[in-house]
Amino acid sequence: MGDGASTVVASAPGKCILFGEHAVVFGQPAVAVAIEQRLTVTMRPANSWSVDGSALNPQKHPHIAMLKERYLGDDAPPMALHLQGDIPRASGLGSSAALSAAVGAAMAHLAHPSQALDRNQLSEIAHQAEANAQMGRASPMDTSTSVEGGIVVLSDRHETVANHAYTRTLTTPEGERRWEVHRMEAPEDEVYLVLGNTGVHAPTSQQVALVAETVSKHPERMNDILAIGTVARRGLEALTQGDYDAVGRAMSENHLLLRGLGVSSPELESLIQAALPTSLGVKLTGAGGGGCMVALTRTPKETSEAIELAGGRTLISRLGNEGVRLEPSPNNRS
Ligand code: MEV
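Below is a short write-up of the structure. (Residues numbered from 1 in each chain as written. Predicted model: local features only at pLDDT ≥ 70, side-chain atom pairs only at ≥ 80, totals over all residues. Heavy atoms only, no water.)

1. Things to note about the overall build of the chain
Step number 1: Each helix and strand in the chain was counted, giving 9 helices and 13 strands.
Step number 2: Here the chain has a C-alpha radius of gyration of 19 Å; the compact-globule value for 334 residues is 20 Å, and the two agree.
Step number 3: Projected onto its principal axes, the C-alpha positions of the chain cover 55 × 45 × 35 Å.
Step number 4: Counting contacts in the chain only where the partners sit at least 6 residues apart, residues at least 24 apart contribute 76% of the total.
Step number 5: Within the chain, one finds 27 positive and 36 negative side-chain charges whose respective centroids are separated by 2 Å. (Helix = DSSP H or I, 4+ residues; strand = E, 2+ residues; numbered from the N terminus. Rg over C-alpha atoms; globule rule 2.2 N^0.38 Å. Contact = heavy atoms within 4.5 Å. Lys, Arg positive; Asp, Glu negative; His and termini not counted. Charge placed at Lys NZ, Arg CZ, Asp CG, Glu CD.)

2. Some points on helix H1 (residues 62–71)
One turn of an α-helix holds 3.6 residues; hence residues three or four places apart share an orientation.
Step number 1: Within H1, 7 of the 10 residues are buried, which leaves the element mostly enclosed by the surrounding structure.
Step number 2: Burial in H1 covers these residues: His63, Ile64, Ala65, Met66, Leu67, Lys68 and Tyr71.
Step number 3: Where H1 is buried, its residues contact strand S3 (50–51), strand S5 (79–85), helix H2 (95–111) and helix H3 (119–133).
Step number 4: Looking one or two residues beyond H1, the residue adopting positive phi is Gly73, at roughly 75°. (Buried < 20%, exposed > 50% of the residue type's maximum accessible area, 1.4 Å probe, protein only.)

3. Some words on the side chain of Glu327
Step number 1: Of note, Glu327 is situated in the segment after strand S13 (325–326).
Step number 2: Looking at Glu327, the relative accessible area reads 18%, which means it is buried.
Step number 3: Polar contacts involving the side chain of Glu327 include one to the side chain of Arg325, which spans 2.7 Å. (Polar contact = N/O pair within 3.5 Å; in protein donor to acceptor, adjacent residues only side chain to side chain.)

4. Here we look at the side chain of Thr143
Step number 1: Along the chain, Thr143 falls in helix H4 (residues 141–148).
Step number 2: Residue classification places Thr143 among the buried residues on the basis of a relative accessible area of 1%.
Step number 3: Not counting the four nearest positions on each side in its chain, Thr143 is found in contact with Ala97, Ser123, Ala126, His127 and Glu130.

5. Here we look at the packing of H3 against H4
Step number 1: At a closest axis distance of 8 Å, the pairing of H3 and H4 adopts a crossing angle of 150°. Taken as a pair, H3 and H4 cross one another with a handedness that is right-handed. Contacts from Arg119, Leu122, Ser123, Ala126, His127 and Glu130 of H3 reach H4 at Asp142, Thr143, Ser144, Val147 and Glu148.
Step number 2: Split into classes, the residues belonging to the contact of H3 with H4 amount to 3 nonpolar, 4 polar and 4 charged. (Axes fitted to C-alpha atoms, helices over the stretch in contact; angles between N-to-C directions. Left-handed = near helix turned anticlockwise from the far one by under 90°. Nonpolar A, V, L, I, M, F, W, Y, C, P; charged D, E, K, R; others polar.)

6. A word on the packing of aromatic side chains
Step number 1: Taken as a whole and assessed by the stated rule, the structure comprises 0 aromatic pairs.
Step number 2: Sitting above the plane of the Tyr166 ring, Arg168 keeps its charged end 3.9 Å from the centroid.
Step number 3: One cation-aromatic arrangement involves Arg318 over Tyr192; the distance from NZ or CZ to the ring centre is 4.8 Å. (Phe/Tyr/Trp six-rings, centres within 6.5 Å; stacked < 30°, edge-to-face > 60°. Lys NZ or Arg CZ within 6 Å of the ring centre and 35° of its normal.)

7. Concerning the layout of surface pockets
Step number 1: Taken as a whole, the largest pocket holds about 1,100 Å³ of empty space.
Step number 2: Around the largest pocket, the lining is made up of 48 residues, and of these His63, Arg89, Ala90, Ser95 and Ser96 lie nearest the centre.
Step number 3: A breakdown of the residues in the lining of the largest pocket according to their chemical character gives 20 nonpolar, 20 polar and 8 charged.
Step number 4: As a volume, the second largest pocket reaches approximately 300 Å³.
Step number 5: Along the walls of the second largest pocket sit 17 residues, with Ala108, Gln115, Ala116, Leu117 and Asp118 positioned nearest its centre.
Step number 6: Elements with a minimum of two residues in the lining of the second largest pocket: H1, H2, H3 and S13. (1 Å grid on protein atoms, 1.4 Å probe; cavity = no way out; pocket = protein on both sides within 12 Å on 5 of 7 lines; lining within 4 Å. Points joined across faces, edges and corners; volume = space filled by probe spheres on them.)

8. Observations concerning the site of the ligand
Step number 1: Among the 13 residues in the neighbourhood of the ligand, the closest are listed as Lys15, His22, Ala138, Ser139 and Asp142.
Step number 2: Taking Gln134, its side chain carries an N or O atom lying 3.4 Å from an oxygen atom of the ligand.
Step number 3: Within the contact set of the ligand, an oxygen atom lies 2.9 Å away from a side-chain nitrogen or oxygen of Asp142.
Step number 4: Protein contact buries 98% of the 300 Å² of open area that the ligand shows by itself.
Step number 5: Using a 2 Å cut-off from the grid points, one finds that the ligand occupies the largest pocket.
Step number 6: Class assignment of the residues belonging to the shell around the ligand gives a composition of 6 nonpolar, 4 polar and 3 charged. (Near = heavy atom within 4 Å. Areas by Shrake-Rupley, 256 points an atom, 1.4 Å probe, with all protein chains shown as cover. Sits in = over half its atoms within 2 Å of the grid points.)

9. Topic: the pairing of strand S2 (residues 30–45)
Step number 1: Counted residue by residue, S2 has 13 buried out of 16 residues, so it is predominantly covered.
Step number 2: The sheet contact formed by strand S1 (residues 8–19) and S2 spans 10 bridges and is antiparallel. Of the residues in S2, the one forming a bridge with Val8 is Met43.
Step number 3: With 4 bridges connecting them, S2 and strand S6 (residues 151–155) associate as antiparallel partners. Residue pairing in the sheet places Val31 in a bridge with Val153 of S6.
Step number 4: Sheet topology places S2 next to S5; 7 bridges connect them, and they run antiparallel. Opposite Leu39, over in S5, you have Gly85 as the bridge partner. (Pairing = 2+ DSSP bridges.)

Spelled out as structure tokens, the structure:
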């Protein structure tokens, strides 16, 4: 621990996957962007550890419990955590990764107030926390995007169009996985993401397990996983050229493959249909089964209205926002 506990505030963005969810768990390429919506944690000295007024419980708060153990150990002076923000929970927008990133950054600052945040270490610990919560199957997509910000590209190889940041590995129930994690900035353009929330919660761990089961029962479905990887690579190419029309086409193609894998839902399909006429591309984003869809559009107001008329709740974001950061507070020193 550092020199006495004090109030620390940190925030981290949610994420939106443009290409490659689910296939990325099998090591295929994927692209995600940090969105404008953020989660903020305020940690204040207290008499006992708590989260929004309830005692910190490792069953209920597994990510926070693991981060506390890794950054602060057992003897750390207790803190009360207060969470707030505008990332809807359990909706495919990376709320749990943002929680890990923000809480991890705050705890790292508490432990070593004068040191700059070690993003590599934080994203590794946050990925482990996510993997534990997802029955051992999690790519570093959500956690790296929330920690790094901008656009994050995962691949089975070093990609020349993005800056290589680090390599991540994980032993999943299906075998060893390895991801090369890259970062890039979004090419400037007047394009927006409209995120449409179905309001239906489908736990990521269950959706990921469903795909693992499908591929194990029907090994030929691995071709769909590989096809998602091919589309993701094409989408990445279009993104680096700033060709957002082609980015949109690849997103819609990606959605058809995800639907074929069984991870869409009637609610997602109806929001996607509503957004199509005013969008460059539309797909589910995240684990699916409910949660959110995303539309890439030049007319966010029209697209958002169409989604809301179909019963979805919308958020609008530009592509690529700042990653985890400490927020001003009387005691933050960096
Ligand atoms: C969830 O946001 C994305 C998935 O690909 C799971 C993962 O990457 O760990 C479905």
